[in-house]
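Breakdown of the fold
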Amino acid sequence: MPEGKKIGAVMVVGGGIAGMQAALDLADAGFFVYLIEKSGAIGGAMPQFDKTYPTNDCSMCIIAPKLVECGRHRNIKIITLAEVEQIQGTEGDFTAHVKESPRYIDQERCIACGQCSNICPVSTEDDFNCSLGPRKAIFIKYPQAVPLKYEIDSGVCLHLKNDKECGICRDICPAEAIIFHDTPKHHEIHVGAIILAPGFQAFNPQKRSIWGFGKFPNVLSSMQLERILAPTGPTGGVLARPSDNSSPKSIAFLQCVGSRDKNHCNNEYCSSVCCMSAIKEAIMIKELLPEVEITIFYTDMRTHGKDFDRYFNRSQKEYNIQYTRAKIHSLEPGDRKGSLRLHYANEQGRQVEKFFDMVILSVGLETPDSAIILAERMGIHITPDRFASISAFMPVSTSKKGIFTCGAFNGPRDIPQAVIGGSAAAACAEELLSAARFQQTAEISYPEERHHQEGQPRIGVYVCHCGTNIAGVIDVDNVATYARTLPGVIHVEQNLFSCAQDTQDFITQQIREKNLDSIVVAACSPRTHEPLFRQTLKAAGINEFLIEMANIRNQDAWVHKNTPGMATEKAKDLIRMAVAKVTLQKPLHPIKVPVIARALIIGGGVSGMTSALNLAGQGFKVELIEKSSLLGGNALHLYQTWSGEHVPLYLKELQEKVFEQENITVHLKTTVTGSTGHAGHFKTVIKSGSGRKKTIEHGATIIASGGKRYIPKEFSYGKIPNVVASIEFDKLHMHNEVRIANGESFVFIQCVGSRNTQRPYCSKSCCTHSIQSAIKLKKEVPSRRIYILYREIRTYGQRERIYNQARELGIIFINYELHGEPTIAEGEKGALVQVYDHVLHRPLEIEADLVILASATLSNPDSKDLANIFKLPLNSDGFFQEAHVKLRPVEFNTDGIFVTGLAHYPKPVEESISQSLAAAAKASALLSKKTIELDPITAIVDLEHCDGCALCIEACPYAAITLVETATSDGEEHKIVEIDPALCKGCGICQGICPKRGVNITGFDYDQLLAQIEAALQPAQGHSQATPAPPEQSHGK
Amino acid sequence: MVYEVKVNELAEEFGVHRNTIRNWINSGTLPAQEGPGRRYLIQLEDYRKLCEKYGRTPRIDVTQSPVQPPLDTELPIDNFDTEPSLLTGKSSSLYSEPALADTCNTCGSCASSCPISGVDGLDPRKIVRMAFLGFEEELLASDWPWKCTLCGRCEESCPMNVRIVELMRALRASRPRGKVPSPIQKGITTCLEKGNNLGIPKTDFMDLLSSLGKELHNSDCPGFSTPIDVRGSRLLITINSKEPFAQPENMTWWWRIFHAAKESWTISSENWEGVNWALYSGDDNAMKTIVERIVDNMERLNCQALLLPECGHAYYATRLGLQRWFPETLEKFTVYSVFDLLMEYISEKRITLDNTTHTQLTAIHDSCNYGRKSLKTFGNAFYEESRAIVQACCPNYTELLPNRNDTYCCGAGGGAWASPYTVERVYYGSKKARQIKESKAKLIVTSCHNCKDQMEKSLNREFDLDIEVKYIWELVAQSLTRVLS
């Protein structure tokens, strides 16, 4: 690594999911992050989506915690409305000039009460809702935006256009946050590395008339459909035809609008995500309107990701969604008002006309011009398809050192790939700047914790108005007066906004002055705000767990708007319950566990080596376990990447680096036989080829155990000598074996062993691989006849170029389906292949010198053992099941263990490398800490009540409970459960299932819950009972 | 199984006139019995045969399940038992460039765009596929490339920019000349021998022109005489031989406009033909000869500009020929499209138009040669110019949908009007007819002879359109404001 100055800070450009992930990983691993966002709020495209495939999770719900985490992280500084103007310096030491456009709102003061927006007289088209609805000139991008601060659209604001007009938002703002004279700010930022994550924009189908967009009201883009389906969208989740608000009976999806098209746009590539998006949207529509008929018109269904083909199959079987392989030329007005006529040739070559009530255009992804400008300013190269130019071996590195890139800017990709890329880019920056770790980050110090006295509670209650959110419905004065009457409450305060920074300071001061020992905040959700109040308690010197929140906003004011009297009573109930619970709350202290700064990596293929080198480069010790006698794994059989880069050379380099790296210990011919422990401290037993066992202590584990190839049973493999599998072919080809040197005719058969009933998944890399081999054969001898028999060509992303190149070279592609598989017979020369042509609808016969079977990638049979040893889940195809397919693609629910490469799912080399870097980033965040704090909200065994019935063991999703033998004081032996606090997540399932009160969750124990229930059942009698000592009450903030 | 059908429903389904259906029934081509009401009873089998013949998906089909089986269930494939065709891998002699077939990714948008997809079991995608796989004999034997009107709609929709029209023309060119549809081949031969497609002798032509000129002088255009072989005229115009042969008065629309605009123009007495059917037959030598004659006339008569007033294809073929074989001439003289010239007259106020004579609902039919194909080849499609001109004459204007670059061909292009494939031509035109019907327009304005003939003489009758069809110059000539001289 080059010597020189290293600044322990990173600038991430782009606040979408990829940029956010990179920022969080870096900040968690000891680097300060400047997160530069072009718009007024981070989040990127994900908040616009309704659901995510293939799990149908709500997109907003899964991204919201990440948004909040970014917004609150003390080592992330978000700069919105910002643009990078200039970059100077070199890797390790960059200076960035960032221009922050005026927001016209003081972010420190704005309390996001929304009064400004309510009164603003200007309405304009809302970009966030894809122009389907209006927004005001003063607005927030979306309700959950981070930062949750209003901004003024200077283009439409009346006052900014003419200072004699309007300006009423300034008059109404209770926080005096409006600054009409705001000017651009210029930031000079010093960082060691830069990560570009500028994202994508959706293709605008209005560019060509054929799609009827903007001409026919019932033609919508898929982005618009996402907004319509979203419950928070412009129609509140109701799908109706824009022309007449009627419920559609039939809907068509047109795929590849703005993708795979050299004619109507210059986007030759495949956008990778639209097939799955269309399936998801179709399923969502079916859930809403089961009667609607949906047809998806496609060229190739590209469902190449993990569990995607299952989703595709399910959409047909369970939801009866129709698929037609036809590209529609254009849309015409239909038979009824508002309907659309689609004219096409069906799969039998017959002319068909169909009418649809609505048409959805599955628009592609493209790089926005602003990203191209950014790339030019940074001096980095871009591809002909206008994405960042990257090597398959360095999938997140740009052409300029110290500048990394992730997300859709690296080529069109879905959310997990973006998340993986974000983490991978973070790993690369961390490796570069490891010497400067913790150099720029801050730790906040808190005063020493005051002793908590039990028995005489001194509770403070804070009733929040939340602007008008709560006070507009609930009689807050009445509620506050009532709260004074509750036992243990010695102080009640009303706040306009409890979460505002100045209120926090005020609460801190009051806790000290009034000597409060616990507080109840009657405001909003603990999910988003409790961590904030915990910080406040810590600042005031009391235990951070001595707080209870009563959610009188989301669960009261918002949902009972029309019955304010009853809402006020409910608020009293909620506060009474919170007070009852917090009275019994004991201080809790997180358990600190020392972290062993060593990683164990299982698998010495490209994935394992990549993770190992990154972690070792960051200064961590790595134990690399490889079962065979050679490093390299499946890549030993590969010749080149899709972009034509030479794999054997790279592999040799990688092996050398691994052996040279001092921090890595390689264990060849070694397997793992057992493991105990938890994140930060695992003890794993390994066994060498000679049978010697050894225990390794390590803080993190990465599973990179790879996959296995399928040995075909189909197509006379092993019977006809000239039928070979693709890996064998590669070897023969490399040595130019006689059958190849003299071969004139080659037939590739795709999906051998993949996408069938036994293995309903796509092996992802075989289409690309066969096409590459075919191109090479053709280039060697142009007269060769080469045929590729396929089911769908899945050259996703920029790989589409090699598919196009192959056809230009005259390689013949013939589509087959499972009901008409090709047949092979022994021929005079080699083999006689028969296949049914999908265009001409007649059988064809090919005399092939060699038939190459693109056989499936299988899960490694060793995965089962590893899964048992580490208690990890596998999916039904035998691949490891990650914690969350979208947002936690390398993690497990068990902390400290990560997965990468083929062990996770079949994938090409660059995706394995990217994922391995991501796994390294996750491991380094853990390993860089001296100790980790384990959440103190855990299950505790009640030694008196537990009789060792073991009911809870099966129920525990984290394998934290074990059955042990113990002896009572009188020496009697009996069984009892033991809970590992490091593994326990405090979910409470064991407490719920235990029939004997043998287990308690700290902070949610039986007594607390009972007290809460009793309080709930007790009628609210604010005025009937006088309390012994009426506490003082002030109207402060 | 027996079905009850109504004649008009069946006529609509197959894109033919009601009388055609009745004729089929009367002649026994479509066996049917009289049923209740004004219905007929037909056997399902007979209906299917008819569908097969017309390449239509049967509208009525009880055996078709309403639910499409999922992709992984067994689907019967109709042809699997037929003898397989051996792929020889012989490189195609039909074309040399991959862009003519190889780059196709079989997405089917060409087949979706084509109004005669399925006729003879073929469509543009299949033709491209057959060329690519080397099924040459079959392709050359097929009449499909001649039923295709070379309208270019398929090519416009192709995401891979496969040059389908060029391939189709190459297929036509590869046929022995004796097997080219005879009216087309005869037209070309006559033109090469006698200077015009219909072999009109020079004397007859001259007599006709001068007598027409005299008539004009006596009626609307006092002082008019037909300028033949006037050296040094600014503008040379060609003639479509069909006009002097059958509709001589149609020539006078332009003459009236020239008279009003005080244009200096002339007609050549020799080789005056503007039509170039070699574009259709794929015969490049003949095409070049016919274009060269026009170049010769331009030079002989020392004109500065050329107008091919009669037809979209004449403009396209001549301009293409000039570009390809005589590029230097494009430096020497201007080639006008009808729209260029009319717009020039209007903008220079050499003519003024009256918008009170054509008050019926009017729409433009965009001719493929002036529109889509010109845009691709020459970079200009005249869509807005034609609308400006028509709307200056017709205040009550509407559009056919789709239009401009996405327009449907009338069905008679590419030589189809002259070719023997009448049924297919009418079927092709059913799309156009539907567009016209849906637009409710009563006057259709076009700029091409074939388009006008097809819509006025064929589609109007077959589909009861009840429309008037006018050339754009006819409309202009009839809308000229009379200036008191």
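Residues numbered from 1 in each chain as written. Chains lettered and ligands numbered in written order. Predicted model: local features only at pLDDT ≥ 70, side-chain atom pairs only at ≥ 80, totals over all residues.

A word on the overall build of chain B. When you go through chain B residue by residue, the secondary structure sums to 23 helices and 11 strands. Relative to the globule expectation of 23 Å for 485 residues, the C-alpha radius of gyration of chain B, 24 Å, shows essentially globular dimensions. For chain B, the spread of C-alpha atoms along the three principal axes comes to 80 × 60 × 40 Å. Across the 485 residues in chain B, those meeting the buried criterion constitute 49%. At a minimum sequence separation of 6, the contacts of chain B that also span at least 24 residues come to 77%. (Helix = DSSP H or I, 4+ residues; strand = E, 2+ residues; numbered from the N terminus. Rg over C-alpha atoms; globule rule 2.2 N^0.38 Å. Buried ≥ 20, exposed ≤ 12 C-beta atoms within 10 Å, placed from the backbone. Contact = placed C-beta atoms within 7 Å.)

All names here are of chain B. Domain assignment breaks chain B into domain 1 (2-54), domain 2 (98-175), domain 3 (184-336) and domain 4 (362-479). Contact residues are listed per partner, giving 19 residues for domain 3 and 21 residues for domain 4. Of all the secondary structure elements, the ones that give two or more residues to the side of domain 3 that touches domain 4 are α10 (182-194), α13 (251-261) and α16 (312-325). At six residues, α16 tops the list of elements feeding residues into the side of domain 3 that touches domain 4. In the side of domain 3 that touches domain 4, the residues fall into 11 nonpolar, four polar and four charged. (Domains from an automatic or database assignment. Nonpolar A, V, L, I, M, F, W, Y, C, P; charged D, E, K, R; others polar.)

A separate point is the interface of chain B and chain A. Counting residues at the interface gives 47 residues for chain B, matched by 48 residues for chain A. Listing elements by their share of the side of chain B that touches chain A, those giving two or more residues are β4 (85-86), α4 (109-113) and α5 (124-133) of chain B. Taken together, the residues of the side of chain B that touches chain A break down into 18 nonpolar, 19 polar and 10 charged. The pairing of strand β44 (residues 843-848) of chain A with β4 of chain B spans two bridges and is classified as parallel. (Pairing = 2+ DSSP bridges.)

Averaged over chain A, the pLDDT score is 92; the fraction of residues at 70 or greater is 98%. With pLDDT under 50 throughout, residues 1022-1034 of chain A is counted as low confidence; its partners more than four residues away or in other chains account for 17 contacts. (pLDDT = per-residue confidence, 0-100.)

Another aspect to go through is the sheet that holds strand β36 (residues 700-703) of chain A. Paired through their backbone hydrogen bonds, the strands of a sheet run either parallel or antiparallel. All names here are of chain A. If you walk across this open sheet you meet the five strands as β32-β31-β30-β36-β47, and the pairing is parallel. On the outer flanks of this sheet lie β32 (664-667) and β47 (897-899), each paired with one strand and no other. Ignoring which end each strand starts from, the neighbouring axes of this sheet average 20° apart. Strand contacts of helix α16 (residues 606-617): β30 (598-602), β31 (621-625), β32 and β36, with the helix running at about 165° to β31, the strand carrying the most contacts. Of the strands in this sheet, β30, β36 and β47 are in contact with helix α23 (residues 909-927), which crosses β36 at around 170°. (Axes fitted to C-alpha atoms, helices over the stretch in contact; angles between N-to-C directions.)

Next up on the list: the environment of A9 of chain A. For A9 of chain A, the position within the fold is in strand β1 (residues 9-13). In this view, A9 of chain A contacts F31, F32, Y34, H190, V191, G192 and Q440 of chain A; residues no more than four positions away in its chain are not counted.

Residues and elements named next belong to chain A. Strand order in this open sheet of five strands is β5-β2-β1-β13-β24, and the pairing throughout is parallel. Both edges of this open sheet fall to β5 (76-79) and β24 (403-405), since each of them pairs with a single strand only. If you compare each strand with its neighbour and ignore which way they point, the axes differ by 20° on average. Inspection of the sheet shows strand β2 (residues 32-36) paired to β5 by four bridges, in the parallel sense. Each bridged residue has a counterpart across the sheet, and for I36 the counterpart in β5 is I79.

Time to look at the pairing of β1 of chain A. Residue and element names in this part refer to chain A. Within β1, five of the five residues are buried, which leaves the element mostly enclosed by the surrounding structure. Covered by surrounding structure in β1 are A9, M11 and V13 together with V10 and V12, the residues of both alternating faces. The pairing of β1 with β2 spans five bridges and is parallel. In the sheet register, A9 faces β2, and the bridge partner there is F32. For the crossover from β1 across helix α1 (residues 17-28) to β2, the handedness is right-handed. Bridge analysis of β1 against strand β13 (residues 193-196) gives four bridges, and the strand direction is parallel. Across the sheet, the residue bridging to V13 is L196, located in β13. (Right-handed = clockwise from strand over helix to strand, strands pointing away.)

Residues and elements named next belong to chain A. Of note, the bond from Y53 into P54 is cis; its omega dihedral lies within 30 degrees of zero at -5°. If you trace the backbone, P54 turns up in the loop between β3 (51-52) and β4 (57-58). Backbone torsion omega between V146 and P147 reads -5°, so that peptide bond is classified as cis. You can see P147 is positioned in the loop between β10 (138-139) and β11 (151-152). Positive phi is not limited to glycine here, since N245 has a value of about 65°. Locating N245 in the fold gives a position in the loop between α6 (222-229) and β16 (250-257). For N245, a count of 9 C-beta atoms within 10 Å translates into the label exposed. Backbone geometry at D307 places phi at a positive 65°, although glycine is not the residue there. Relative to the helices and strands, D307 is located in the loop between β17 (293-298) and α8 (308-317).

Residues and elements named next belong to chain A. Those residues of α8 lying buried are F308, D309, F312 and S315. The buried residues of α8 occupy an angular sector of 120° when the element is viewed end-on, so they sit on one face. Buried-residue contacts for α8 involve α7 (274-288). (Arc of directions from axis to C-beta.)

Here we come to the pairing of strand β22 (residues 358-363) of chain A. It is a general feature of regular strands that their side chains alternate between the two faces of the sheet. Residue and element names in this part refer to chain A. Most of β22 sits out of view: six of its six residues are buried. In β22, alternate side chains face the same way, and those of M358, I360 and S362 on one face and V359, L361 and V363 on the other are all buried. Bridge count between strand β15 (residues 219-221) and β22: three bridges; the pairing is parallel. Looking at β22, one finds that L220 is bridged to I360. Across five bridges, β16 lies against β22 in parallel orientation. The residue bridging I251 from the neighbouring strand is M358, located in β22.

A separate point is helix α20 (residues 766-780) of chain A. What sets the pattern is the α-helix's 3.6 residues per turn: residues three or four places apart point alike. Taking 1.5 Å per residue as the helical rise, α20 of chain A with its 15 residues ought to reach 21 Å, and the 21 Å between its terminal C-alpha atoms agrees with that figure. Residues C766, C767, T768, H769, S770, I771, Q772, S773, A774 and L777 of chain A constitute the buried set of α20 of chain A. (Expected span 1.5 Å × (residues − 1).)

Residues and elements named next belong to chain A. With respect to the helices and strands, the residue A599 is situated in strand β30. The class for A599 is buried, based on 32 C-beta atoms found within 10 Å. Considered as a pair, A599 and E697 are 98 residues apart in the sequence and their alpha carbons are 8.7 Å apart. Every residue in contact with A599, bar those within four places of it in the chain, is listed here: L615, F620, V622, H698, G699, A700, I702, A923 and L927.

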